[in-house]
Amino acid sequence: FDFGTSCTHENAMNKDIRTCKYRRKCGACQTLNLSYEEELSLKMKREIDLLGRFGHVQEIIPSSPSEHYRNKAQYLFHFNHGKMISGLYRSSDGKIAEIDHCLMEDRELSRLYLQIRTMIPQKRVRIFDGKKGDLRHIMIRKGIHTGEVSVTFVTKNGLFPQAEEIAEELMKHHPNIVCITAVKNDSQTP
């Protein structure tokens, strides 16, 4: 299978094929070249290959909806030649795929990410560059049944000078945010 890089002629004619302008760049939705039914079939085969020798593998329960269902997202921040870049991990090499939204993520996660991405340079939050700076990435989660949102800033040193100001502004625009935290990650790993 060629995940996310091309469609077969048969699939190109299938009206159930989902499209994403980032699919060749990101890799978060590796099966968009398949119909949802084909994606489920492929995933079921993988589950049987991995777990079948241990016992019976039950059928996958289809997600409804099949888009915008992910309730957790991690967005990385980095500097490249003096310019801030941010986005999702690229599945192919672990680098950053610069995106504005993801077809698989809950729409509110993308809106929050875009607001935070705009606030970072405005508030002069320093991006961690491997040696100095604060922000490494953010993680946003949304409760499927409650709609409550949690935002986590992963930083080199824990709290950063602009944290309280950013938290207040986010909560003003997003009343369903119930938790904003800063987590310290001072390791040398990405």
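Residues numbered from 1 in each chain as written. Predicted model: local features only at pLDDT ≥ 70, side-chain atom pairs only at ≥ 80, totals over all residues. Heavy atoms only, no water.

> Help me understand the sheet that holds strand E2 (residues 83-89) in this model?
Strand pairing within a sheet occurs via backbone hydrogen bonds; the two strands may be parallel or antiparallel. Read from one edge of the open sheet, six strands run E3-E2-E1-E4-E5-E6, paired in mixed fashion. If you trace the sheet from one side to the other, it starts and ends with strand E3 (96-97) and strand E6 (177-184), each paired once. Bridge analysis of strand E4 (residues 135-142) against strand E5 (residues 149-155) gives seven bridges, and the strand direction is antiparallel. Considered in E5, the bridge of His137 is made with Val154. Strands in contact with helix H3 (residues 107-122) are strand E1 (72-80), E2, E4, E5 and E6; relative to E4, the strand with the most contacts, it is inclined by about 155 degrees. (Pairing = 2+ DSSP bridges. Helix = DSSP H or I, 4+ residues; strand = E, 2+ residues; numbered from the N terminus. Contact = heavy atoms within 4.5 Å. Axes fitted to C-alpha atoms, helices over the stretch in contact; angles between N-to-C directions.)

> I keep staring at the nonpolar core and nothing clicks. Help me out?
A general feature of soluble globular proteins is that nonpolar side chains tend to end up buried together. Among the nonpolar cores identified, the biggest contains 31 residues, and Ile116, Ile138, Ile140 and Phe153 are the most heavily contacted of them. The set of elements that each furnish at least two residues to this core consists of E1, H3, E4, E5 and helix H4 (163-173). With six residues, H3 is the single largest residue contributor to this core. Residue contacts for Ile140: discarding those within four places in its chain leaves Asn71, Lys72, Ala73, Tyr75, Leu109, Leu112, Tyr113, Ile116, Val149, Ser150 and Val151. (Core = buried A, V, L, I, M, F, W, Y, C linked by side-chain atoms within 4.5 Å. Buried < 20%, exposed > 50% of the residue type's maximum accessible area, 1.4 Å probe, protein only.)

> Quick question: what am I supposed to make of the environment of Leu109 here?
Looking at the element boundaries, Leu109 is found in helix H3. For the pair Leu109 and Ile140, spaced 31 residues apart in sequence, the C-alpha to C-alpha distance is 6.4 Å. Excluding its chain neighbours within four sequence positions, the residues that come into contact with Leu109 are Arg70, Asn71, Lys72, Ala73, Tyr75, Ile140, Arg141 and Lys142.

Geometric values such as these leave the question of function open.
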